[in-house]
Amino acid sequence: MTSVPTAIPDEGHDRGPAEPPLTMFGPDFPFPYDDFLAHPAGLGAVPPTALGTEVAVIGGGLSGLVTAYELMRMGLRPVLYEAGEIGGRLRTVAFDGHGAVGEEGALTAEMGAMRFPPSSTALRHYIDLVGLTTRPFPNPLAPCTPSTVVDLKGRSHYATSVDDLPEVYHQVMRAWQTCLEEGADFTAMQQALRARDVPRIRQIWSALVERLDNQTFYGFLCAAPAFASFRHREIFGQVGFGTGGWDTDFPNSILEILRVVYTGADDDHHSIVGGSRQLPLRLWAREPDKLLHWPRGTSLRSLHGGTPRPAVTGLHRTAGNRITVTDATGDIRSYRAAVFTAQSWMLLAKISCDESLFPIDHWTAIERTHYMESSKLFVPVDRPFWRDVDPRTGRDTMSMTLTDRMTRGTYLLDDGPDRPAVICLSYTWCDDSSKWLPLTAHERMEVMLKSLGEIYPGVDIRKHITGNPVTVSWEDEPYFMGAFKANLPGHYRYQRRLFTHFMQDLLPADQRGIFLAGDDVSWTAGWAEGAVQTALNAVWGVMHHLGGATDPLNPGPGDRYDEIAPVPLPED
């Protein structure tokens, strides 16, 4: 959902015009979620006696809204609980005095997810469904980005294309490409993903999981002859490839990184025009053309009287294997099934839970989940002054900027030369994010302006700022406690337990009925595609739990599970 901070374009892996597109089809669970959504047979049906059954959906982010929307279409009655505002980490905010989110001409900032790859095809289904449009996002050296400045160790390099960068950056690019080929069968895996060749995907990935589960990203680089140079590893960490530096991911499992690069998750990003929060808001209000049980004109909003239920404070199992939910008002309701889509640490710290909700191995996996910190700060400006040409140099006055200074990544966002614009002064992760945590928004802005002033000594950014800064540190958000999951070495087994939780036939009867979803239980955490995929898993799980089934012409993820289940690793 929120992009991994990834600036050097990956110049060695262009596909031919006749090749199929690259999508987030695996590698861990190669199920065609996009085809499943597009099939005219639909996602399945419950028995007539189950129509109208209430199902609790906890969390009103993208995963919760997709879950609730599809359960409603199936003829069930989702009851959505949300502690804050609908949208989760699809959090778009409007600057004071500049309209509201979704209004034409509004000036907004994306505090969470702000860029989405075309390989997110299940996500794209819902973007198209609700009539939203996208446009290219100005990542470093992207075709839509006028210019990029890479500033390392006090030296700045101005570039309008990758060819403008010094040779050492090209050496780093070639080293990364060699590292992927020699250590991770990159081209073979991408060919298998494009062809949706499940046996080949599983053959390659099974061997890599067994060999690399205990390896960090940094250890993977150090073990590669192509990255024998510390200087090359340092540049790669600070500048990276695709959209920015990767050193904040160096302690994470290399498997997390391979999932991103194999599936093109870090390439050719687009943003949602008008703000990403419109997607969950439109799903909330949408009246489907085809739905069972409910009259035409029914929406999630109408089923809830316009407002979701408040925060969940308690989750318990009660007689008859019911899931009993207590909310912040003290209201207590019991359900035959429930889907938990909020970040899993909420089950440890914010919600009173019975241990019997999940098997003990699943509780261990929830406790071991590792979350990344992340922070952003945006300011509104009078116009995109950075497009002005400096008469002394003939270059843009200011550029998209990657640096080893405190700001790390600075993004310039506009809708045209004569309109107000926005600068994301800083986008940081992990330790870099923690440095900002004690500072107020204005204190952060002052440090950022000083840092950027060292890179652009002749540019007065401050004189263009027209309003107060807006900022977020996701690790300090009480209902999130972090930006997104990122597995550490040795966490594959934990991740497998959480992702496969929607398959419950082998669980004891008194541990069934509550389903985990959300991008932090997906294999592609930090990407909205993972939120959608796990929502669809949970929808299948609820349908199956209530006695329903898919159409044989359109089998769901649970129907094909034995064929494509994630690789098991030994526990002993």
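Residues numbered from 1 in each chain as written. Predicted model: local features only at pLDDT ≥ 70, side-chain atom pairs only at ≥ 80, totals over all residues. Heavy atoms only, no water.

Student: Help me understand the overall build of the chain, please; the structure alone is not making it clear to me.
Tutor: Counting its regular elements, the chain contains 18 helices and 21 strands. For 572 residues, the compact-globule estimate of 2.2 N^0.38 gives 25 Å, and the C-alpha radius of gyration of the chain, at 23 Å, lies within 12% of that figure. Considered along the principal axes of its C-alpha atoms, the chain spans approximately 75 × 55 × 45 Å. Per-residue burial for the chain yields a buried fraction of 59% across its 572 residues. Summed over its atoms, the accessible surface of the chain is roughly 21,600 Å², and 50% of this surface lies on carbon and sulfur atoms. The positive charge centre, built from 51 side chains, and the negative charge centre, built from 70, are 2 Å apart in the chain. (Helix = DSSP H or I, 4+ residues; strand = E, 2+ residues; numbered from the N terminus. Rg over C-alpha atoms; globule rule 2.2 N^0.38 Å. Buried < 20%, exposed > 50% of the residue type's maximum accessible area, 1.4 Å probe, protein only. Areas by Shrake-Rupley, 256 points an atom, 1.4 Å probe, with all protein chains shown as cover. Lys, Arg positive; Asp, Glu negative; His and termini not counted. Charge placed at Lys NZ, Arg CZ, Asp CG, Glu CD.)

Student: Sorry if this is basic, but what is going on with the packing of helix α4 (residues 167-184) against helix α8 (residues 230-239) here?
Tutor: To describe two helices that pack against each other, one gives the angle between their axes and the distance between the axes. Across the interface, α4 lies against α8 with an axial gap of 10 Å and an inter-helix angle of 90 degrees. Classified by the angle between their axes, α4 and α8 sit roughly perpendicular to one another. Between α4 and α8, the residues in contact are Val168, Tyr169, Gln171, Val172 and Trp176 and Arg231, His232, Ile235, Phe236 and Val239, respectively. By residue class, the composition of the contact of α4 with α8 is seven nonpolar, two polar and one charged. (Axes fitted to C-alpha atoms, helices over the stretch in contact; angles between N-to-C directions. Parallel < 35°, antiparallel > 145°, perpendicular 65-115°, else oblique. Contact = heavy atoms within 4.5 Å. Nonpolar A, V, L, I, M, F, W, Y, C, P; charged D, E, K, R; others polar.)

Student: Would you take a moment to explain helix α13 (residues 360-368) for this structure?
Tutor: Residue pairs three or four apart in sequence face the same way in an α-helix, which turns once every 3.6 residues. For α13, the full list of buried residues reads His362, Trp363, Ala365 and Ile366. Here the buried residues of α13 occupy an arc of 160 degrees about the axis, which is enough to place them on one side. Each element contacted by the buried residues of α13 is listed here: α12 (346-349), β13 (352-353) and α16 (492-499). (Arc of directions from axis to C-beta.)

Student: Honestly, the side chain of glutamate 70 in this entry has me stumped. Any pointers?
Tutor: In this structure, glutamate 70 sits in helix α2 (residues 62-73). For glutamate 70, a relative accessible area of 2% translates into the label buried. Only 2.6 Å separates the side chain of glutamate 70 from the side chain of tyrosine 126, close enough to count as a polar contact. For glutamate 70, the contacting residues outside a window of four places in its chain are Leu37, Leu43, Tyr126, Leu536 and Val539. (Polar contact = N/O pair within 3.5 Å; in protein donor to acceptor, adjacent residues only side chain to side chain.)

Student: What is the right way to read the sheet that holds strand β2 (residues 77-81) from this model?
Tutor: The strand order β2-β1-β12-β21 describes an open sheet built from four strands, whose pairing is parallel. The open sheet has two edge strands with one neighbour each: β2 and β21 (514-516). Averaged over all neighbouring strand pairs, the angle between strand axes comes to 20 degrees, with direction disregarded. As judged from the five bridges shared by strand β1 (residues 54-58) and β2, these two strands associate in the parallel manner. Along β2, the bridge assignment pairs glutamate 54 with arginine 77. (Pairing = 2+ DSSP bridges.)

Student: Would you explain the sheet that holds strand β9 (residues 312-318) in this entry?
Tutor: In sheet architecture, strand pairing relies on hydrogen bonds along the backbone and comes in two forms, parallel and antiparallel. With mixed pairing, four strands are arranged side by side in an open sheet as β11-β10-β9-β13. The two strands at the open ends of the sheet, each matched to only one other strand, are β11 (332-335) and β13. In the sheet, β9 pairs with strand β10 (residues 322-327) via six bridges, with the strands oriented antiparallel. Counterpart to histidine 316 in the pairing with β10 is threonine 324.

Student: For this particular structure, what's the right way to read the nonpolar core?
Tutor: Nonpolar side chains in soluble globular proteins tend to end up buried together. Judged by nonpolar contacts, the single largest core of 133 residues is most densely connected at Leu62, Trp176 and Leu279. When residues in this core are grouped by element, the largest group, ten residues, is from helix α17 (residues 528-545). Within the second largest apolar cluster, 24 residues are counted, among which are Ile323, Ala342, Leu347 and Trp363. (Core = buried A, V, L, I, M, F, W, Y, C linked by side-chain atoms within 4.5 Å.)

Student: What is the right way to look at the pairing of strand β6 (residues 148-152) in this model?
Tutor: For a regular strand, side-chain orientation follows a simple rule: the groups alternate between the two sheet faces. Among the five residues of β6, five are classified as buried, and the element is accordingly described as predominantly covered. Along β6, one buried face is formed by Thr148, Val150 and Leu152 and the opposite face, lined by Val149 and Asp151, is buried too. Two strands pair when backbone bridges link them, and β6 and strand β7 (residues 155-159) are joined in this way by five bridges, in the antiparallel orientation. Its bridge partner lying in β7, valine 150 is registered against histidine 157. Hairpin remark: β6 followed by β7, antiparallel, with two residues in the connecting loop; positive phi at lysine 153, about 55 degrees. Sheet topology places β6 next to strand β16 (residues 400-403); four bridges connect them, and they run parallel. Bridge assignment links valine 149 to a residue of β16, and that residue is threonine 401.

Student: I'm lost on the pattern of salt bridges in this one. Help?
Tutor: Here the idea is simple: oppositely charged side chains can pair when their charged atoms come close. Scanning all chains against the criterion turns up 28 salt bridges. Of the charged contacts, one joins aspartate 247 and arginine 408 as a salt bridge, the two residues approaching to 3.2 Å between their closest N and O atoms. On the criterion of sequence distance, the pair formed by aspartate 247 in the loop between α8 and α9 (254-262) and arginine 408 in the loop between β16 and β17 (409-413) is long-range, its members being 161 residues apart. A salt bridge links aspartate 432 to arginine 408; its shortest N-O distance comes to 2.6 Å. Of this pair, aspartate 432 sits in helix α14 (residues 430-434) while arginine 408 sits in the loop between β16 and β17, placing them 24 residues apart in sequence. Residue class for aspartate 432 comes out buried when judged on its relative accessible area of 11%. Residue class for arginine 408 comes out buried when judged on its relative accessible area of 12%. Each of Asp28, Glu256, Arg259 and Lys485 takes part in salt bridges that share partners, so that together they form one network. (Salt bridge = Lys/Arg side-chain N within 4 Å of Asp/Glu carboxyl O.)

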